[in-house]
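Take a look at the letters that make up each chain.
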Amino acid sequence: MVIKIFFPSCCSEAESGLLIGRWIPEQNAAVILAIFHYPFIPGQVKQCLEQIRALTNVEVSVLGSWNGYDSRAKEDLSQFLEDLSSIFPHDLWFQLTQGKERKSVFDYHVVQKGNKNNKKNVILIYYDQRKVMLSKLHPLDITIPEDDDHAGVMSEVFASDFATVFDTVAKCESFFVIDKYDETVIKFTHWQSEGREASVVVELVKQASVPVCVIFSFLLSFISSVCKSRVLNMWPLCFLWSKLSTCVQLAHRLDHLQTITTTTKAQNHMEFMRKANLFVSFLIDVALGLLLISWLYQKNRIGQLADALVPVADHVAKELQELLEWLMGAPAGLKMNKALDEVLGRFFLYHIHLWISYIHLTSPFIEMILWYVGLAACLGLTVALSVVSDIIALLTFHIYCFYVYGARLYCLKIYGLSSLWRLFRGKKWNVLRQRVDSCSYDLDQLFIGTLLFTILLFLLPTTALYYLVFTLLRLVVVVVQGLIHLLVDFISSLPLYALGLRLCRPYRLAAGVKFKVFQTVADKPLHLLMQINPLTYGMIIRYYRLPTYSCYPKDSWTTLCQKLFLGELVYPWKHKTEKQD
């Protein structure tokens, strides 16, 4: 039986006393948490252990004795510490003795029912108590590549085996806040016994956060109730709110703020990390938005943008007009139906004329509109990007109308041709049973069906050409808006707090542990140093990525191409189960 003793490195210089810790029988491991110093009264030690158990919910006990070299120089306590095994009975009594020449090398005895075990059956593992207490071990099975420069590094990670060790040390956090300045009957050593690690600024922020969160929670609940009022959720308004990316992003950020400002304490690690990631993400988002505002409102960049907007819109309209004139002729040498081509061309040219008139009508107010709309960036860069997406949608509304007109006309002809093709084969579509059934038609029905089929078939190339051109234009706009939405989702979902921990304090998010040979001395137990393997950046993003509001397409590429071929309207960021009209 190999026994593993986890010994905190901060206790290697401690004075003689008792080893306080937890015995884990499933792993044959002893986790040393602290050392109670001599002199002490056994009754006071037992009373102190009861208080620690009630405080931490950890079954701590006296696991053995510790005999430091500095204490032995003053007074030999080895026999006294060995006799304490009868006062504090335990299945295994560990007697650790510090070496004279190398203080980091220990000798040991394991007493079990009056016998001493073989020294080769014990492995002494040093661990950093502070890092283990603050770290969160994730249940992963990862293999770390071998390091040629450090032959003593064991590459395998045992995350599941050492989860109990990490959990034991983490639960004793309330015990570790007791230091030598507190009035305690028994003096002891752990990682924080020389003084509590704290910050005045952090403590002040903690005290001020509660009333601030209460005030913000009240304000946010009021805003949320106003947004959910019946007046703002009537049909035209609720439809408009659901289509504007800015409103959707604001609602998303409102939910985030309500989660952050809640006064309920996080119940577990994942909930705490989610709140922290939301808070840091919101702060970074607002900071980037303020930087964007400072850039926009310097050197009259808003005015320059407004002056450039109208010429760009005129240029796009002029290009569309030339494209329509090209389609009304003989595009690429194709012979179109002249009458239908003329009707469609004039119809779309009239829409362009209306759009140009609308742009020039609003041109005196564009600078003022952009000036006020630019202030939305103070709510965050994601809100500013959502505003840009909505502006693009408004400026290309005529292209969207062209796409809808062409798609509806093309779809009508496709479905008309498919229905008339079933008529030739003596079949029809059964609406009630959603299937194709056989049907007998008389001569007049076949004659009229043949005429309609011929007319639709010869008009289809002209309609298909217009539909193809406007679909490509619409896809260009959709790709631009899709890239903006991806950028918004990337900023909103990035776990910045977790990534900051990985960069500054990588031990806080542990993927496992590795061991390095610390000391090799003949006739001494094997001394290992336990080190923490942090999560990789990819794992952190996968574990702590924040949810976003965007609905990515559920259709495959085959289904998307089929919809484009049949003329069905395509909304790439909507679920396929929603009504697409």
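The structure displayed is predicted, hence computed values, not measured ones.

Scoring rules and cut-offs
Residues numbered from 1 in each chain as written. Predicted model: local features only at pLDDT ≥ 70, side-chain atom pairs only at ≥ 80, totals over all residues. Heavy atoms only, no water. Helix = DSSP H or I, 4+ residues; strand = E, 2+ residues; numbered from the N terminus. Buried < 20%, exposed > 50% of the residue type's maximum accessible area, 1.4 Å probe, protein only. Contact = heavy atoms within 4.5 Å. Phe/Tyr/Trp six-rings, centres within 6.5 Å; stacked < 30°, edge-to-face > 60°. Lys NZ or Arg CZ within 6 Å of the ring centre and 35° of its normal. Pairing = 2+ DSSP bridges. Axes fitted to C-alpha atoms, helices over the stretch in contact; angles between N-to-C directions. Parallel < 35°, antiparallel > 145°, perpendicular 65-115°, else oblique. Nonpolar A, V, L, I, M, F, W, Y, C, P; charged D, E, K, R; others polar. Core = buried A, V, L, I, M, F, W, Y, C linked by side-chain atoms within 4.5 Å. Salt bridge = Lys/Arg side-chain N within 4 Å of Asp/Glu carboxyl O. Expected span 1.5 Å × (residues − 1). UniProt positions renumbered as here; feature names shortened; annotations may be inferred.

This paragraph deals with the overall build of the protein chain. Per the secondary structure count, the protein chain includes 18 helices and 14 strands. Relative to its full complement of 581 residues, the protein chain shows a buried share of 39%. Nonlocal contacts in the protein chain, meaning residues at least 24 apart in sequence, comprise 71% of its contacts between residues at least 6 apart.

Moving on: the packing of aromatic side chains. Summed over the entire model, instances satisfying the criterion amount to 25 aromatic pairs. Geometrically, the ring pair formed by Phe272 and Tyr497 is edge-to-face, given 6.3 Å between the ring centres and 85° between the ring planes. Of this pair, Phe272 sits in helix 10 (residues 269-296) while Tyr497 sits in helix 16 (residues 496-504); the two residues are 225 residues apart in sequence, bridging distant segments of the chain. A relative accessible area of 39% means that Phe272 is categorised as partly exposed. Overall, Tyr497 belongs to the partly exposed group, its relative accessible area being 23%. A cation sits over an aromatic face here: Arg502 above Tyr537, 4.9 Å from the ring centre.

What follows concerns the pairing of strand 8 (residues 122-127). Across a regular strand the side chains alternate sides, sitting on one face of the sheet and then on the other. Of all 6 residues that make up strand 8, 5 are buried, and the element is covered over most of its length. Sheet topology note: the strand 1 (residues 3-8)/strand 8 ladder contains 6 bridges and is parallel. Paired with Ile5 across the two strands is Leu124, which belongs to strand 8. For strand 8 and strand 14 (residues 526-534), the ladder comprises 4 bridges, and the chain directions are parallel. If you follow Tyr126 over to strand 14, its bridge partner there is Leu529.

Take the packing of helix 10 against helix 16 next. With their axes 6 Å apart at the nearest point, helix 10 and helix 16 run at an angle of 100° to one another. In terms of their interaxial angle, helix 10 and helix 16 are classed as roughly perpendicular. Packed against helix 10, whose contacting residues are Phe272, Met273, Ala276, Asn277, Val280, Ser281 and Ile284, the element helix 16 presents Leu496, Tyr497, Ala498 and Leu501 at the interface. Broken down by class, the residue content of the contact of helix 10 with helix 16 amounts to 9 nonpolar, 2 polar and no charged.

Now for the environment of Pro506. Inspection of the secondary structure assignment puts Pro506 in the loop between helix 16 and strand 13 (509-519). The sequence separation of Pro506 and Leu535 amounts to 29 residues, and the corresponding C-alpha distance is 7.7 Å. Sequence-distant contacts of Pro506, defined by excluding residues within four places in its chain, comprise Leu501 and Pro534.

Now for the nonpolar core. Core analysis: the largest hydrophobic core is formed by 43 residues, its most contacted members being Phe6, Leu18, Phe36, Val45 and Met530. No other element matches strand 3 (residues 29-37), which puts 5 residues into this core. Ignoring sequence-local partners within four residues, the contact set of Met530 consists of Phe6, Ile125, Tyr126, Tyr127, Val132, Phe166, Val513, Lys514 and Phe515. Cys11, Ile32, Leu63 and Val122 belong to the second-largest nonpolar core, a separate cluster that totals 21 residues.

A word on the pattern of salt bridges. Any two side chains of opposite charge can pair if their charged atoms end up close together. Scanning all chains against the criterion turns up 6 salt bridges. The closest approach of N and O atoms between Asp167 and Lys171, which form a salt bridge, is 3.3 Å. Within this pair, Asp167 and its partner Lys171 are both found in helix 5 (residues 163-171), separated by 4 residues, close to a single helical turn. Asp167 gets classed as partly exposed once you look at its relative accessible area, which sits at 33%. A salt bridge links Asp437 to Arg435; the shortest N-O distance between them is 3.0 Å.

Under the 1.5 Å per step criterion, the end-to-end length of helix 13 (residues 381-395) is 21 Å for 15 residues, consistent within 8% with the ideal 21 Å. Taken as a whole, helix 13 has its buried residues at Leu381, Thr382, Val383, Ala384, Leu385, Ser386, Val387, Ser389 and Asp390. Each element contacted by the buried residues of helix 13 is listed here: helix 9 (245-261), helix 10, helix 12 (338-373) and helix 15 (443-493).

Listed under "transmembrane region" (unreviewed entry) in the UniProt record, and renumbered for this structure, are residues 278-297, 369-396, 402-424, 445-469 and 475-499. This span, residues 278-297, is 95% helix and 0% strand, and a straight line between its end C-alpha atoms measures 28 Å. As annotated, residues 369-396 has a helix share of 71% and a strand share of 0%, and its two end C-alpha atoms lie 18 Å apart.

The phi angle of most residues is negative, glycine excepted, and most peptide bonds adopt the trans form. With a phi angle near 50°, Asn28 is a residue other than glycine that sits in the positive phi range. With respect to the helices and strands, Asn28 occurs in the loop between strand 2 (17-24) and strand 3. Residue Asn28 is classed as partly exposed on the basis of its relative accessible area of 24%. Positive phi, close to 55°, is recorded for Asn300, a residue that is not glycine.

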